[in-house]
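Here is what each chain is made of, one letter per residue.
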Amino acid sequence: MPSRVPTLHFTVSVNGTWNLDESAPPQHHAPDSLARSHLREHAARILRRHTVLAIPAAQDAVNAVIARPLTPEPWLTVHGTACLTVSDADRALAEEHLRRAQHGDLEREET
């Protein structure tokens, strides 16, 4: 999933559960698919506010939201937990991006 820097990504593993209540429509064949989609959407929305350099903060923010029950449909309750990782290449790119941004800030300050 993308981080705040669009070209850098988190790898996200979400473990979740879903519960159907008795009002579930009988023709809905894949509530697990709906639950997975809902958890992915929540995780992606949160991760776009973080960079891959802030994995613990990003993971805490995701889990704070998806660990409590969510109701994407009135008859479905989902919740989950996420584990985030970042490839070494993406982390190195993020560090370089940060170094360049800081260098640019220092040059502007000197000017």
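No experiment lies behind these values; they were computed from the predicted model shown.

Where do I start with the pattern of salt bridges in this structure?
Side-chain pairs of opposite charge can arise whenever the charged atoms involved come near each other. Throughout the structure, instances matching the rule amount to five salt bridges. With a shortest N-O distance of 3.0 Å, Glu96 and Arg99 are connected by a salt bridge. One end of the pair, Glu96, and the other, Arg99, are both in helix 3 (residues 88-110), three residues apart, so they sit about a helical turn from each other. In this structure Arg99 comes out as partly exposed when scored by relative accessible area, which is 46%. Between Arg100 and Glu96 there is a salt bridge; the shortest N-O distance is 2.8 Å. Of this pair, Arg100 and Glu96 both sit in helix 3, four residues apart, which is roughly one turn of that helix. Note on Glu96: relative accessible area 29%, which makes it partly exposed. Linked through salt bridges whose partners overlap, the residues forming this network are Glu96, Arg99 and Arg100.

Explanation requested: the confidence of the model for the protein in the structure shown.
Regions with low pLDDT should not have their predicted coordinates read in detail. Mean pLDDT over the protein works out to 88, with 94% of the residues at or above the 70 mark. Here strand 2 (residues 70-73) stands out as the element of the protein with the lowest mean pLDDT, 85, in contrast to helix 2 (residues 55-66), whose mean of 95 is the highest.

Rules and cut-offs
- Residues numbered from 1 in each chain as written.
- Predicted model: local features only at pLDDT ≥ 70, side-chain atom pairs only at ≥ 80, totals over all residues.
- Heavy atoms only, no water.
- Salt bridge = Lys/Arg side-chain N within 4 Å of Asp/Glu carboxyl O.
- Helix = DSSP H or I, 4+ residues; strand = E, 2+ residues; numbered from the N terminus.
- Buried < 20%, exposed > 50% of the residue type's maximum accessible area, 1.4 Å probe, protein only.
- pLDDT = per-residue confidence, 0-100.

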